[in-house]
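Observations on the three-dimensional arrangement
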Amino acid sequence: MEVIKGDFSQTKGIPPSGLCVGVHRAGAIHQKMVQKYGEGLTVWSLRPDLDFVAFKKDGLGEKGVRATDDLESIKGEKLIYGVRGAPPQVRKKAQEMGLELLADATCPFVTQQEEAAEELLQQGYNLVILSSRTHHGIPRLQGIAKEVGRAVFIVEKEEDVEDIRLTRFEPVGVIVQTTFWLETYKKIMSRLLDRFANVRIRNTACIDSLQRLPEVEKLAKQVDAIVIFGWTEGMTNRMLEVARTFNSNVYKIEKVEQLQAEWFRGKEKVGVIGANETPNWMVDEAVERIKSLAA
Ligand code: SF4
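Figured I'd write up the structure that's included with this text.

What counts and what doesn't
Residues numbered from 1 in each chain as written. Predicted model: local features only at pLDDT ≥ 70, side-chain atom pairs only at ≥ 80, totals over all residues. Heavy atoms only, no water. Helix = DSSP H or I, 4+ residues; strand = E, 2+ residues; numbered from the N terminus. Expected span 1.5 Å × (residues − 1). Buried < 20%, exposed > 50% of the residue type's maximum accessible area, 1.4 Å probe, protein only. Contact = heavy atoms within 4.5 Å. Polar contact = N/O pair within 3.5 Å; in protein donor to acceptor, adjacent residues only side chain to side chain. Near = heavy atom within 4 Å. Nonpolar A, V, L, I, M, F, W, Y, C, P; charged D, E, K, R; others polar. Core = buried A, V, L, I, M, F, W, Y, C linked by side-chain atoms within 4.5 Å. Pairing = 2+ DSSP bridges. Right-handed = clockwise from strand over helix to strand, strands pointing away. Phe/Tyr/Trp six-rings, centres within 6.5 Å; stacked < 30°, edge-to-face > 60°. Lys NZ or Arg CZ within 6 Å of the ring centre and 35° of its normal. Axes fitted to C-alpha atoms, helices over the stretch in contact; angles between N-to-C directions. Left-handed = near helix turned anticlockwise from the far one by under 90°. Salt bridge = Lys/Arg side-chain N within 4 Å of Asp/Glu carboxyl O. Parallel < 35°, antiparallel > 145°, perpendicular 65-115°, else oblique.

1. Details of helix H7 (residues 235-246)
With 12 residues, H7 should reach 16 Å at 1.5 Å per residue; the first-to-last C-alpha distance of 17 Å fits that figure. Three or more residues of H7 are buried, namely Met235, Thr236, Arg238, Met239, Leu240, Val242 and Ala243. The elements touched by buried residues of H7 are helix H6 (207-222), strand E10 (225-229), strand E11 (250-253) and strand E12 (269-274).

2. What about the side chain of Thr179?
Among the structural elements, Thr179 can be located in the loop between strand E8 (172-176) and helix H5 (182-195). Reaching out from Thr179, the side chain makes a polar contact with the side chain of Gln177 at a distance of 3.0 Å. Not counting chain neighbours up to four residues away, the residues in contact with Thr179 comprise His135, Ser209, Gly234, Met235 and Arg238.

3. Topic: the site of the ligand
Surveying the vicinity of the ligand reveals the residues Cys20, Gly22, Val83, Cys107, Phe109, Thr178, Thr179, Cys206 and Asn276. Grouping the amino acids of the shell around the ligand by side-chain chemistry returns five nonpolar, four polar and no charged.

4. Here we look at the nonpolar core
Counting residues in each nonpolar core, the largest one holds 22 residues, and the members touching the most others are Met33 and Ile80. Within the residue set of this core, elements represented by two or more residues are helix H1 (21-37), strand E2 (41-44), strand E5 (101-104) and helix H3 (108-122). Ranked by residue count, the leading element in this core is H1, at four residues. Apart from the residues within four sequence positions on either side, Ile80 is in contact with His30, Met33, Leu41, Thr42, Val43, Trp44, Leu101, Leu102, Ala103 and Ala105. Ile4, Ile228, Leu240 and Ala243 belong to the second-largest nonpolar core, a separate cluster that totals 19 residues.

5. Overview of the environment of Ile188
You can see Ile188 is positioned in helix H5. As a C-alpha pair, Ile188 and Glu158 span 30 residues in sequence and 4.8 Å in three-dimensional space.

6. Here's the deal with the pairing of strand E9 (residues 199-202)
In regular strands, side chains alternate between the two faces of the sheet. For E8 and E9, the ladder comprises four bridges, and the chain directions are parallel. Bridging from a neighbouring strand, Val172 pairs with Val199 of E9. You can see the chain leave E8, run along H5 and come back into E9, and the turn it takes is right-handed.

7. Concerning the packing of aromatic side chains
Counting across every chain of the model gives four aromatic pairs. Considering the side-chain rings of Tyr251 and Trp263, the 4.4 Å spacing of their centres and the 5° angle between planes classify their relative orientation as stacked. Highlighted residues: Tyr251 in strand E11 and Trp263 in the loop between E11 and E12, separated in sequence by 12 residues. Arranged with centres 6.0 Å apart and planes meeting at 80°, the rings of Trp263 and Phe264 form a pair that is edge-to-face. No difference in accessibility class separates Trp263 from Phe264, as the two residues are buried. Between the NZ or CZ atom of Arg212 and the centre of the ring of Phe8, over which it lies, the distance is 4.6 Å.

8. Notes on the packing of H6 against H7
Taken N-terminus to C-terminus, the directions of H6 and H7 make an angle of 35°; their axes are 9 Å apart at the nearest point. Between H6 and H7 lies a crossing of right-handed hand. Where H6 approaches H7, its residues Asp208, Ser209, Arg212, Leu213, Val216, Glu217, Ala220 and Lys221 are matched on the opposing element by Met235, Arg238, Met239, Val242, Ala243 and Phe246. Grouping the amino acids of the contact of H6 with H7 by side-chain chemistry returns eight nonpolar, one polar and five charged.

9. Observations concerning the sheet that holds strand E4 (residues 78-81)
With parallel pairing, the four strands of this open sheet are ordered in space as E3-E2-E4-E5. Of all strands in the sheet, those with a lone pairing partner are strand E3 (65-68) and E5, marking the two edges. Averaged over neighbouring strand pairs, the angle between their axes works out to 25° when direction is ignored. Contacting E2, E3, E4 and E5, H1 crosses the sheet at an angle of about 155° to E5. Seen against the sheet, helix H2 (residues 88-96) touches E2, E4 and E5 and runs at an angle of roughly 165° to E4.

10. Quick notes on the pattern of salt bridges
Any two side chains of opposite charge can pair if their charged atoms end up close together. Evaluated as defined, the whole model comprises 23 salt bridges. A salt bridge links Glu277 to Arg84; its shortest N-O distance comes to 2.4 Å. Of this pair, Glu277 sits in the loop between E12 and helix H8 (280-294) while Arg84 sits in the loop between E4 and H2, and the two are 193 residues apart along the sequence. In this structure, Glu277 and Arg84 share a single accessibility class: buried. Two residues, Glu158 and Arg191, come together in a salt bridge whose shortest N-O distance is 3.2 Å. Here Arg191 lies in helix H5 and Glu158 lies in the loop between strand E7 (152-155) and E8, a separation of 33 residues in the sequence.

11. Observations concerning the packing of H3 against helix H4 (residues 137-147)
Contact pair H3 / H4: the axes reach a minimum separation of 10 Å and the direction vectors enclose 30°. Our classification of the angle between H3 and H4 gives roughly parallel. By crossing handedness, the relation of H3 to H4 is classed as right-handed. Here H3 contributes Val110, Gln113, Glu114, Ala117, Glu118 and Leu121 to the contact with H4, which in turn contributes Arg140, Leu141, Ile144 and Ala145. Classifying every residue of the contact of H3 with H4 gives six nonpolar, one polar and three charged.

The structure is reproduced here in structure tokens:
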């Protein structure tokens, strides 16, 4: 059996670590802050359970820096904002509490998405987000809309367009989840254009979506079974969606130990590909484990 690893080494916009730009950059910021300030650092995060998983080999998160989503728990520690950003209400409260902000590791594509949302709201558009409802970015965007007294409509599937409580001529500003697969949303966009007369769309997909998802498609078409190695709500789920479109044997793992020999029985070619928070070394471990299960 041949095991083919999804290889991003030649893919523009994906760092050599295999992580997405945002996570790679946030890890570097956290490491720099630990080196500079030592102990007593806190990352405020929308997903504190995930912030350091990709960096466990580097020891990040074990000492010197911790992650939390509870501002009140920060007592005398210095603050860093995590890769997934922070709602305006959290930033305001941190200021009021007098917390010392050392660095903002928010992914630049998340910041761009926030700016697009703010711009549309300022221009008088009602905000429609094409995204899964449970995505961690939703409270952040709802927080931005709340600042200007507006509601947010989340559209996950075509039928949701009918539930948007706006009339045909009210302005509709559309942004998309940063981890976004255009194919899924084409139908939704066309339905939005059918229903509303004044629609402005901002494509806020990040570079990782634009580059990683075509690699998933390529690999899924090439192999008999494909393993998606990831745990992120956005990118991992998008990768599963793409892989399932082109391959009927798709498996997801969050740990190498979850690999099962029966998935690969009778298969000639198996693909393994990492999501945006899965470093290369973890994918290499999965490749070796699959080879040993097949031996
Ligand atoms: S997946 Fe995209 S938006 Fe999310 S952190 Fe990575 S680069 Fe940023």
